[in-house]
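Below are the chains, spelled out letter by letter.
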Amino acid sequence: MSAPRNTQLDGWRAFAVLGVIWLHWAPYAWRGPLPFEIGLYFFLTLTGFLITRVLLRDRDQGEASGGPWRRPALRFFLKKRAIRILIPCYAAMLFAWIFGAPDIRAHPFVYLLHVANFHIAMLPEWPSGTAHYWTLAIQIQFYLLWPLVIYFVPRRALVPVLVVFAALAPLTRWLTLHHFPQVEHPGAISTAAADYFGAGALLAVAMSRGLKAGDRRLGRAAWVAFVLYAVLYVFDEAGRPVAGLRHFQQTLVSVVFAGLISATLRGFGGLLGKILDHPAIQHIGKISYGLYLFHTSMPLAMGCVLPFLWHPVFDGPLLAVRLIVLGLGSWGIAWLCWRYLEQPMDRFRQAKRPA
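Given the structure is predicted, the values throughout are model-derived calculations rather than measurements.

What counts, and where the lines are drawn
- Residues numbered from 1 in each chain as written.
- Predicted model: local features only at pLDDT ≥ 70, side-chain atom pairs only at ≥ 80, totals over all residues.
- Heavy atoms only, no water.
- Salt bridge = Lys/Arg side-chain N within 4 Å of Asp/Glu carboxyl O.
- Helix = DSSP H or I, 4+ residues; strand = E, 2+ residues; numbered from the N terminus.
- Buried < 20%, exposed > 50% of the residue type's maximum accessible area, 1.4 Å probe, protein only.
- Core = buried A, V, L, I, M, F, W, Y, C linked by side-chain atoms within 4.5 Å.
- Contact = heavy atoms within 4.5 Å.
- pLDDT = per-residue confidence, 0-100.
- Expected span 1.5 Å × (residues − 1).
- Axes fitted to C-alpha atoms, helices over the stretch in contact; angles between N-to-C directions.
- Parallel < 35°, antiparallel > 145°, perpendicular 65-115°, else oblique.
- Left-handed = near helix turned anticlockwise from the far one by under 90°.
- Nonpolar A, V, L, I, M, F, W, Y, C, P; charged D, E, K, R; others polar.

Trainee: Talk me through the pattern of salt bridges; I want residue IDs and the actual numbers.
Mentor: All told, the structure shown has 9 salt bridges when counted by the stated rule. For the salt bridge of Arg13 with Asp10, the shortest nitrogen-to-oxygen distance reads 2.5 Å. In this pair, Arg13 and Asp10 are both assigned in helix H1 (residues 7-25), 3 residues apart and thus about one turn of the helix distant. Residue Arg13 shares its accessibility class with Asp10, and that shared class is buried. It is possible to trace a salt-bridge network through shared partners that takes in Arg59, Asp60, Glu63 and Arg155.

Structural data, given as C-alpha cells:
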C-alpha cells in the first residue's frame, strides 16, 4: 500500500495518452479501425485502483487509531484531490474558452460544475475543443462518491458492493440502447464507466487482502477477456454486434486492464520493460495529465496563432507537419502545466498532510 510510485505505470500512461491524442487528431485513413480510445479506459481503471488503494490505507490507519477518523480523512482526501486535479483542469478550461471552444463558451457552468458528461451525452456530435471533458467530469464525480463507499461500507460487504457497482455499466449500456434513444453518447453517462472503476477497485481490495502483484490466475483471466473483447470488437466494427454480449464488451476491457496493472506492479523485464522505463516515455507519462487536458483545444489555439496550418495543402501528406506542430504545442503547455501547477501543488499537499 505504501510502495513508491511505479515508473512502468507511468510508461503505460504515456502510451494511453498518445493513443487518445492520435484518435482525436489523425484522420481515419491514418489510424484505421483500431480502438485508440482504449487509453481512456486504462486511465479510468487505473484511477479506480489507485484511489481505492489510498482510501483503504486511510481506513486502515483511521480504524487503528481508535478515534473518530472518517470526517477528517474525507476532508483531507477531497482537499488533496481538488489541489491536484481541479487547478490544472480549470486552467485548461480557461485555455479552451480563450481560444474559442464553442461549447464551453455557450455552457460554461456545465463544465465548471463537472456535469459536462451528461450534457455531452445528449449532443449529436462531440464538441470541438472540449470533447474529452466527459471523462474528467466522471472522474470528479467518482472522487466525491468513492470515499463514502470505501469508508462506510462494512468490510465483509465491500466486494459484493463493488461487483454490483461494476454491473451498473453493462446495465446502463443496455438501458440507453433500448429505452433512451435520445442519448447520443451512452458511454458518457457516469454509470457507464462503473466497470472500469469497479475493476480497478476490486484489484485494490484483492491486493489489500493478500493477492500478489502479477497473480497468474488474474493474468489468465485478463488474456481470456482480451480475446473475447477482440472478437466482440471485430463483430461490432463489421456492423454485426452480438446481441446481449455487446454490453459487456467494455467490461472485458476493464478486466484486461486490471490484469495489466497487476502485472505492471510486479514489473516487466526485457524489451517491454526497457521501453516502459525509457526516459522519453517516462517524460510523456509524467506530463500525461497536462497532455490530456490541453490536446483537444490545441487545434483551436493553433488555428488562431498559425492559421496557415489549415490551408488545404496540409490536408495531404503534409498533414504530418500540422500534427508535429500540434504535438510540440501540446507538449510545451503540458510541461508548463506540470512545472508551474502540478508540481507545486504536489509539494503543497504533501506538506499539509497530517500525521
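Here the narrative resumes.
Trainee: Describe the nonpolar core, listing the residues and the values that go with them.
Mentor: If you look at the biggest cluster of nonpolar residues, it comprises 89 residues, and the most contacted ones within it are Phe42, Tyr133, Trp146 and Met298. Looking at this core element by element, the count peaks at 11 residues for helix H8 (residues 133-152). Not counting residues within four places of it along the chain, the set of residues in contact with Met298 comprises Trp25, Phe95, Leu326, Gly329, Ser330 and Ile333.

Trainee: An account of the confidence of the model for the protein chain is requested, with residue identities and associated values reported.
Mentor: Of all residues in the protein chain, 96% have pLDDT values of 70 or greater, and the mean over the chain is 93. For the protein chain, per-element mean pLDDT is lowest for helix H17 (residues 319-351), which scores 88, and highest for helix H10 (residues 194-208), which scores 98.

Trainee: An account of helix H3 (residues 38-65) is requested, with residue identities and associated values reported.
Mentor: Its 28 residues give H3 an end-to-end C-alpha distance of 41 Å, which sits within 8% of 40 Å, the value for a rise of 1.5 Å per residue. Two residues or fewer after H3 comes Gly66, characterised by a positive phi angle close to 80°.

Trainee: Can you break down the packing of H3 against helix H4 (residues 70-98) residue by residue, with the values?
Mentor: Relative orientation of the contacting elements H3 and H4 amounts to 150°, with a least axis distance of 11 Å. In terms of their interaxial angle, H3 and H4 are classed as roughly antiparallel. Between H3 and H4 lies a crossing of right-handed hand. Side by side, H3 and H4 meet where Ile51, Val54, Leu55 and Arg57 of the first sit next to Phe77, Lys80 and Arg81 of the second. In terms of residue class, the contact of H3 with H4 is built from 4 nonpolar, no polar and 3 charged.

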